[in-house]
Amino acid sequence: MGDQQQLILATGGYDHTIKVWQAHTGNCIKTMRFVETSQVNALDRTPDKTRLAACGYQCIRLYDLESNCTAPVINFDGVQKNVTRLGFQEDGNWMFTAGEDHHVRIWDMIAAPPHCSRVFDCEAPVNAACLHPNQVEIAMGSQNGSVFLWDVKSERHERIVPEVDASIQDVAISPDGRYLAAANNKGNCYIWSLTSQDQKMSTLHPTKKIQAHSRYILRCKFSPDSRLLLTTSGDGTVCIWKTDDFSKWRELRIENYWVWDAAFSADSKWLFTASSDGIARLWKLQTKSTIRDYTGHTKAITALSFKDEIVGK
């Protein structure tokens, strides 16, 4: 199971707290205060696993996971509106954030304090962004229905609108770099295959439209082995799709609640979910059964982060 002490699940939500859990026991190790005026929109751990970044309304915070301190160690200045997503480049040298101020920003994390070194304007509020495994391209999804691919090095970009009058709620790129997924508020998930040649920017080829849910899709994510794609929804389900033909493989149900976020384990056999009943759950995908509940939040859990070695046997 790897180093069990390192198997850390982080959750955040509408109760203005971030909780850190031992994934294999369900014990809450630490509770950190977020901002009284905001829910937690996204969480991501630094690649060295020592710090946790969180974003919300007009705020980005960085917390130290190794100390007993529950206050943020870095408070990012001058952020406008809702910050919807964040993530780290694989060496931890820079972080990206996306927000409703229309911008995706690159933050230099080597500088002290970190500063914004590059900005991309999506010309509409940005709901989602994710980093390509090549570490130079960022996919973005905006409320006006646009999906962008931005090459951070060359500053080139491509824009596609898969469906008019639909807001893109999340974007994901498979770890093997083969697929880009974009999910919208109509319950549809669009898939493109990605190809790149000679260090040029990736090219997008429309591959599939999945009518995944009857309602709002909140998140889409690929599994670490790139064989599965998950979609979470306001309809109380997580649907798991096989990437060889994008057929539905599993459906996990949390009746009468929104499933806000989810994350696969490293071996792609287990799934963590965050939902509006204030409970995070660990599921065994093969049997569609819940193995563990993480209880302690008093309101909806809207974000979780788990990146690790293999959970459970």
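Residues numbered from 1 in each chain as written. Predicted model: local features only at pLDDT ≥ 70, side-chain atom pairs only at ≥ 80, totals over all residues. Heavy atoms only, no water.

The name given to the protein in an unreviewed UniProt entry is Protein LST8, with the source organism recorded as Drosophila sechellia. Per UniProt, the protein carries the Subcellular location (unreviewed entry) text "Cytoplasm". (UniProt positions renumbered as here; feature names shortened; annotations may be inferred.)

A. Geometry of the overall build of the protein. Within the protein, the secondary structure is distributed over 0 helices and 28 strands. For 313 residues, the compact-globule estimate of 2.2 N^0.38 gives 20 Å, and the protein sits close to it at 18 Å. Overall, the C-alpha framework of the protein stretches about 45 × 45 × 35 Å when taken along its three principal axes. Out of the 313 residues belonging to the protein, those deemed buried represent 58%. In the protein, the share of contacts with a sequence separation of at least 24, taken over all contacts with a separation of at least 6, comes to 45%. Roughly 13100 Å² of accessible area belongs to the protein as shown, and the carbon and sulfur atoms make up 45% of that amount. (Helix = DSSP H or I, 4+ residues; strand = E, 2+ residues; numbered from the N terminus. Rg over C-alpha atoms; globule rule 2.2 N^0.38 Å. Buried < 20%, exposed > 50% of the residue type's maximum accessible area, 1.4 Å probe, protein only. Contact = heavy atoms within 4.5 Å. Areas by Shrake-Rupley, 256 points an atom, 1.4 Å probe, with all protein chains shown as cover.)

B. How the structure looks around the sheet that holds strand β8 (residues 83-88). If you walk across this open sheet you meet the 4 strands as β8-β9-β10-β11, and the pairing is antiparallel. Only two strands of the sheet have a single neighbouring strand rather than two, namely β8 and β11 (115-121). Strand after strand, the sheet turns through a mean of 20 degrees between neighbouring axes, direction not considered. Where β8 lies against strand β9 (residues 94-99), 5 bridges are found, and the strand directions are antiparallel. What sits directly across from Gly-87, in β9, is Phe-96. (Pairing = 2+ DSSP bridges. Axes fitted to C-alpha atoms, helices over the stretch in contact; angles between N-to-C directions.)

C. Fine view of the UniProt feature "domain: EML-like second beta-propeller" (unreviewed entry) in the protein. When the UniProt feature table is mapped to this numbering, "domain: EML-like second beta-propeller" (unreviewed entry) covers residues 95-248. Its end C-alpha atoms 33 Å apart, residues 95-248 is made of 0% helix and 57% strand.

D. Molecular detail of unusual backbone geometry. Going from Ala-112 to Pro-113, the amide bond is cis rather than trans, its omega being -10 degrees. Locating Pro-113 in the fold gives a position in the loop between β10 (103-108) and β11. In this structure, His-16 is a non-glycine residue whose phi angle is positive, near 65 degrees. Secondary-structure assignment places His-16 in the loop between β1 (8-13) and β2 (17-22). Classification of His-16 by relative accessible area gives buried; the value is 18%. Unusually for a residue other than glycine, Glu-155 sits at a positive phi of about 70 degrees. Along the chain, Glu-155 falls in the loop between β14 (147-151) and β15 (157-160).

E. Representation of the packing of aromatic side chains. Here the structure, examined in full by the defined rule, presents 11 aromatic pairs. Plain terms: the ring middles of Phe-120 and Phe-148 are 5.5 Å apart, the flat faces sit at 70 degrees to each other, and that makes the pair edge-to-face. Of the two residues, Phe-120 is situated in strand β11 and Phe-148 in strand β14; the sequence distance between them amounts to 28 residues. We classify Phe-148 as buried; its relative accessible area is 5%. Through successive ring pairs, a cluster of aromatic residues spans Tyr-14, Tyr-216, Trp-258 and Trp-260. The cationic tip of Arg-250 hangs over the ring face of Trp-249; the distance from NZ or CZ to the ring centre is 4.2 Å. (Phe/Tyr/Trp six-rings, centres within 6.5 Å; stacked < 30°, edge-to-face > 60°. Lys NZ or Arg CZ within 6 Å of the ring centre and 35° of its normal.)

F. Expanded view of the UniProt feature "repeat: WD" (unreviewed entry) in the protein. Those places that UniProt annotates as "repeat: WD" (unreviewed entry) correspond, in this numbering, to residues 9-31, 76-109, 161-202, 210-242 and 252-293. The span residues 76-109 carries 0% helix and 53% strand; its end-to-end C-alpha distance comes to 11 Å. Within residues 210-242, the helical portion is 0% and the strand portion 61%, while the C-alpha atoms at the span's ends are 12 Å from each other.

G. Spotlight on the environment of Arg-118. Take Arg-118: it is sitting in strand β11. In this structure Arg-118 touches Val-104, Arg-105, Ile-106, Trp-150, Val-152, Lys-153 and Glu-155, once residues within four positions along its chain are discounted. At a separation of 2.3 Å, a polar atom in the side chain of Arg-118 contacts the main-chain carbonyl oxygen of Val-152. (Polar contact = N/O pair within 3.5 Å; in protein donor to acceptor, adjacent residues only side chain to side chain.)

H. Focus on the nonpolar core. Formed by 16 residues in total, the largest nonpolar core has its most connected members in Ala-139, Leu-149, Val-171, Ile-173, Leu-180, Trp-192 and Leu-204. For this core, the secondary structure elements donating two or more residues are β12 (126-131), β14, β16 (168-173), β17 (179-184) and β18 (188-195). The contacts of Leu-180, once residues within four sequence positions are left out, are Ala-139, Val-147, Ala-172, Ile-173, Tyr-190, Ile-191, Trp-192, Leu-194 and Leu-204. (Core = buried A, V, L, I, M, F, W, Y, C linked by side-chain atoms within 4.5 Å.)

I. Up close: the sheet that holds strand β20 (residues 217-222). Judged by pairing direction, the sheet is antiparallel, and its 4 strands sit side by side in the order β20-β21-β22-β23 without closing on themselves. Sheet topology places β20 and β23 (247-253) at the edges, where each strand pairs with a single neighbour. Going across the sheet, the axis of each strand differs from the next one's by a mean of 20 degrees, ignoring polarity.

J. Broad picture of the pattern of salt bridges. Scanning the entire structure with this criterion turns up 11 salt bridges. Here Lys-307 and Asp-44 are joined by a salt bridge, their closest N and O atoms 2.2 Å apart. Highlighted residues: Lys-307 in the segment after β28 (301-305) and Asp-44 in strand β4 (residues 42-45), separated in sequence by 263 residues. On the basis of relative accessible area, Asp-44 is assigned to the buried category, the value being 8%. Here Asp-277 makes a salt bridge to Arg-281, at a shortest N to O gap of 2.7 Å. The class of Arg-281 is buried, set by a relative accessible area of 13%. Through salt bridges with shared partners, a single ionic network connects Lys-248, Glu-251, Arg-253 and Glu-255. (Salt bridge = Lys/Arg side-chain N within 4 Å of Asp/Glu carboxyl O.)

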